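Structural overview for review
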Amino acid sequence: MDTFIQQLINGLTLGAVYAMVALGYTMVYGIIQLINFAHGEVVMIGAMVAFSVIGALVGADTGLSAPIIVLAGGVVAVPLCIAVACTMERVAYRPLRAAPRLAPLITAIGISIILQHLAMMLWSRNPLAFPQILDNRVFHFGAATVTSVQLAIWTVATLMMAALSILVYRTRLGIAMRATSQNPLVAGLMGIDINRVILATFALGAALAAIAGVMVGTYYGIAHYTMGSLLGLKAFCAAVLGGIGNIPGAMLGGLLLGLVEALGAGYIGDLTNNWFGSNYQDVFAFIVLILVLVFRPSGLLGERVADRT
Amino acid sequence: MTAALLELQRLEVSYGGIRAVKGIDLTVADGEMVCLIGANGAGKTSALKAIAGLLPVARDSVRFAGEPIGGRPAFELVRRGLALVPEGRGVFSQLSVDENLAMGAYSRRDRAGVRADHERVLALFPRLKERHRQLAGTLSGGEQQMLAIGRALLSKPRLLLLDEPSMGLAPRVVARIFEVIGEIARQGVTVLVVEQNARLALETCNKGYVMESGLITLFGDARALLGNDAVRKAYLGE
């Protein structure tokens with residue numbers, strides 16, 4: 001039972017991060033039907049930038065408190081990640097908008113490789129250790145524990161997702177995003193400049209990705225130029241699990257995937273008589289992906305209301 | 001003679017390698033209600049799409065309120081006062097009726113005016129008022145057409161373009177739609193409607209153009225066209 005609660009706590013943390021990243025995949029897919037495989041790299045850049053900012057502030061001995069320093073990392077990472085994502089949309093994806101779907105998809109993989117290697121050149125080919133500045137207070141529930149970093153991740157993720165929901169479902173920009181995703185041609189007839197709406201979508205996804213990057217960096221204490229690819233793929237699995245293109249689906253899919261992964265890693269040893277260990281953790285996301293694609297390709301929430309024409 | 005609000009001069013439209021419109025002249029004066037009739041594939045829809053900025057055309061071939069607008073993107077033309085109700089209605093089926101109407105007013109900044117017009121549209125179409133929170137995709141075809149027209153009105157257009165508003169609707173509903181279009185015109189909005197139902201279009205409008213394989217073959221007073229032998233034979237089934 002203690003393992004269960006502990007893995008539940010870990011899974012929720014992981015899931016919050018997956019959900020934030022999955023939202024970027026699903027929003028971009030919803031609006032231009034592109035799986036932006038370079039999205040994971042935006043997360044990585046967020047973590048790298050946060051690493052540099054936090055390192056610099058710690059090194060400068062500013063006397064700022066640890067949470068403020070981490071916050072500063074996020075404040076710098078968000079606009080930089082937005083700039084990266086908007087640049088890739090403008091330079092790489094927009095010219096290919098009318099091209100067959102395979103062309104932007106391959107381009108996305110190319111962008112992903114370019115960004116990884118740029119990051120390797122700018123930062124390091126080795127894993128970078130975050131300065132351990134947050135005093136990681138531990139709260140006990142029986143034998144299970146919750147750290148203050150985990151609590152912070154839950155809080156920030158919840159706030160961000162609530163803010164995103166309000167934006168998408170209540171504001172003029174949000175309605176325009178949903179209108180554009182349904183019918184870009186008619187959206188233009190409404191006076192919506194769809195290029196701007198698409199850029200805004202990339203920017204929103206990148207902002208969430210940047211914050212997710214800061215979270216992962218501070219949670220695991222490490223950043224590496226390849227960290228975005230596996231994380232990105234898993235978040236993509238989460239988006240498919242929830243129903244690609246569906247915003248609440250990405251949130252649900254992310255959380256579920258985090259739980260599946262944590263519980264799977266926690267119990268796989270017991271269940272297989274230690275044939276498999278928790279190092280098989282990464283397998284679960286892809287098992288989930290395959291199961292969803294076979295049994296429910298539209299995802300959990302991906303069912304569309306029948307349209308009358 | 002009042003000034004021309006919309007003027008087409010030798011408008012040519014190519015579409016997927018086919019010259020769908022082969023150089024037409026057409027004028028809609030301020031306050032007029034004009035229809036463009038013709039058989040399927042005559043190029044009516046292509047002409048309308050070109051006016052609304054959905055198909056590329058030469059700059060000077062379309063003039064709106066005196067200015068050349070050919071080839072400008074659709075979203076810009078809406079701000080100038082040109083609204084198109086597309087063929088097949090094009091409502092956002094996953095958005096509510098209210099949200100669809102809000103999108104119609106996307107380019108406007110006068111919040112109070114938008115709210116008043118929103119109420120006016122709901123009053124014009126009581127069916128929409130009953131269903132204002134429903135998803136547009138759950139409406140009947142006629143209700144969707146009303147929503148598409150109401151949505152276009154919310155942009156406060158000077159010129160309303162309608163593409164086949166009768167398509168796929170029951171005769172009773174079609175009659176109601178044309179009643180409303182007439183009402184809109186009487187309230188001062190200039191209207192250009194493309195329609196296959198030639199009789200209804202000519203009975204509602206004051207001027208008509210007949211299009212045949214990419215060219216205008218006849219135009220004039222709608223009543224005169226209703227009495228024209230060629231029109232009666234080809235389009236009114238007499």
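Everything numeric here is computed off the predicted structure, so don't read it as measured data.

1. A closer look at the overall build of chain A
- When helices and strands are counted, chain A shows eleven helices and four strands.
- Taking 19 Å as the expected radius of gyration for a compact globule of 309 residues, we find that chain A reaches 20 Å, a close match to that expectation.
- Dimensions along the principal axes, computed over C-alpha positions, put chain A at roughly 60 × 50 × 35 Å.
- Accessible surface, chain A as shown: approximately 14,100 Å² in total, 68% of it carbon and sulfur.
- The positive charge centre, built from 14 side chains, and the negative charge centre, built from 11, are 15 Å apart in chain A.

2. Regarding the side chain of Arg151 of chain B
- On the secondary structure map, Arg151 of chain B appears in helix H6 (residues 141-153).
- One buried charged residue, Arg151 of chain B, forms no salt bridge at all, with the nearest opposite charge on Glu99 of chain B at 11 Å.

3. Description of the pattern of salt bridges
All names here are of chain B.
- For the structure shown, the criterion picks out 21 salt bridges over all chains.
- Its salt-bridge partner being Arg19, residue Glu12 comes within 3.6 Å of it at the nearest N-O pair.
- Classification of Glu12 by relative accessible area gives partly exposed; the value is 43%.
- When the shortest N-O distance is used, the salt bridge between Lys129 and Glu119 registers 3.9 Å. Note that Lys129 is positioned in helix H5 (residues 126-130) and Glu119 in helix H4 (residues 111-124), a separation of ten residues in sequence.
- With a relative accessible area of 41%, Glu119 lands in the partly exposed category.

4. Points about a positive patch on the surface
- Judged by side-chain charge, Arg172 and Arg196 of chain A together with Arg79 and Arg109 of chain B come together as a positively charged surface patch.
- Residue position: Arg79 of chain B is located in helix H2 (residues 74-80).
- Judged by its relative accessible area of 47%, Arg79 of chain B is partly exposed.

5. Considering a nonpolar patch on the surface
- Nonpolar side chains collect at one region of the surface, where Trp275, Phe276, Tyr280, Val283, Ile287, Ile290, Leu291, Val294 and Phe295 of chain A lie side by side and expose about 970 Å² of accessible area between them.
- Mapped onto the elements of the fold, Ile287 of chain A is located in helix H11 (residues 283-295).

6. Thoughts on the interface of chain A and chain B
- With 22 residues of chain A at the interface, the matching set in chain B holds 27 residues.
- Between chain A and chain B lies a buried interface of about 2,300 Å² when both sides are counted; carbon and sulfur atoms form 61% of it.
- At the junction of chain A and chain B, the tally comes to one salt bridge.
- Taken together, the links from chain A to chain B amount to six residue pairs in polar contact (both at pLDDT 80 or more).
- Those elements that place two or more of their residues in the side of chain A that touches chain B are helix H6 (172-182) and helix H7 (184-189) of chain A.
- In terms of residues, the side of chain A that touches chain B owes the most to one element, H6 of chain A, which gives six residues.
- Its residues assigned to classes, the side of chain A that touches chain B shows twelve nonpolar, five polar and five charged.

7. Comments concerning the sheet that holds strand E1 (residues 4-15) of chain B
Residue and element names in this part refer to chain B.
- Here four strands make up an open sheet; going across it, the order is E2-E1-E4-E5 and the pairing antiparallel. Each having just a single partner strand, strand E2 (18-29) and strand E5 (67-68) make up the two edges of the open sheet.
- As paired strands, strand E4 (residues 62-64) and E5 are joined by two bridges and run antiparallel to one another. Bridge pairing links Phe64 to Glu67 in E5.
- Of the strands in this sheet, E1, E2 and E4 touch helix H1 (residues 44-52), which is tilted by about 115° from E1.

Calculation notes
- Residues numbered from 1 in each chain as written.
- Chains lettered and ligands numbered in written order.
- Predicted model: local features only at pLDDT ≥ 70, side-chain atom pairs only at ≥ 80, totals over all residues.
- Heavy atoms only, no water.
- Helix = DSSP H or I, 4+ residues; strand = E, 2+ residues; numbered from the N terminus.
- Rg over C-alpha atoms; globule rule 2.2 N^0.38 Å.
- Areas by Shrake-Rupley, 256 points an atom, 1.4 Å probe, with all protein chains shown as cover.
- Lys, Arg positive; Asp, Glu negative; His and termini not counted.
- Charge placed at Lys NZ, Arg CZ, Asp CG, Glu CD.
- Buried < 20%, exposed > 50% of the residue type's maximum accessible area, 1.4 Å probe, protein only.
- Salt bridge = Lys/Arg side-chain N within 4 Å of Asp/Glu carboxyl O.
- Patch = residues over 30% accessible without salt bridge, like charges linked within 9 Å, V, L, I, M, F, W, Y side chains within 5 Å.
- Contact = heavy atoms within 4.5 Å.
- Buried area = accessible area lost by both parts, 1.4 Å probe.
- Polar contact = N/O pair within 3.5 Å; in protein donor to acceptor, adjacent residues only side chain to side chain.
- Nonpolar A, V, L, I, M, F, W, Y, C, P; charged D, E, K, R; others polar.
- Pairing = 2+ DSSP bridges.
- Axes fitted to C-alpha atoms, helices over the stretch in contact; angles between N-to-C directions.

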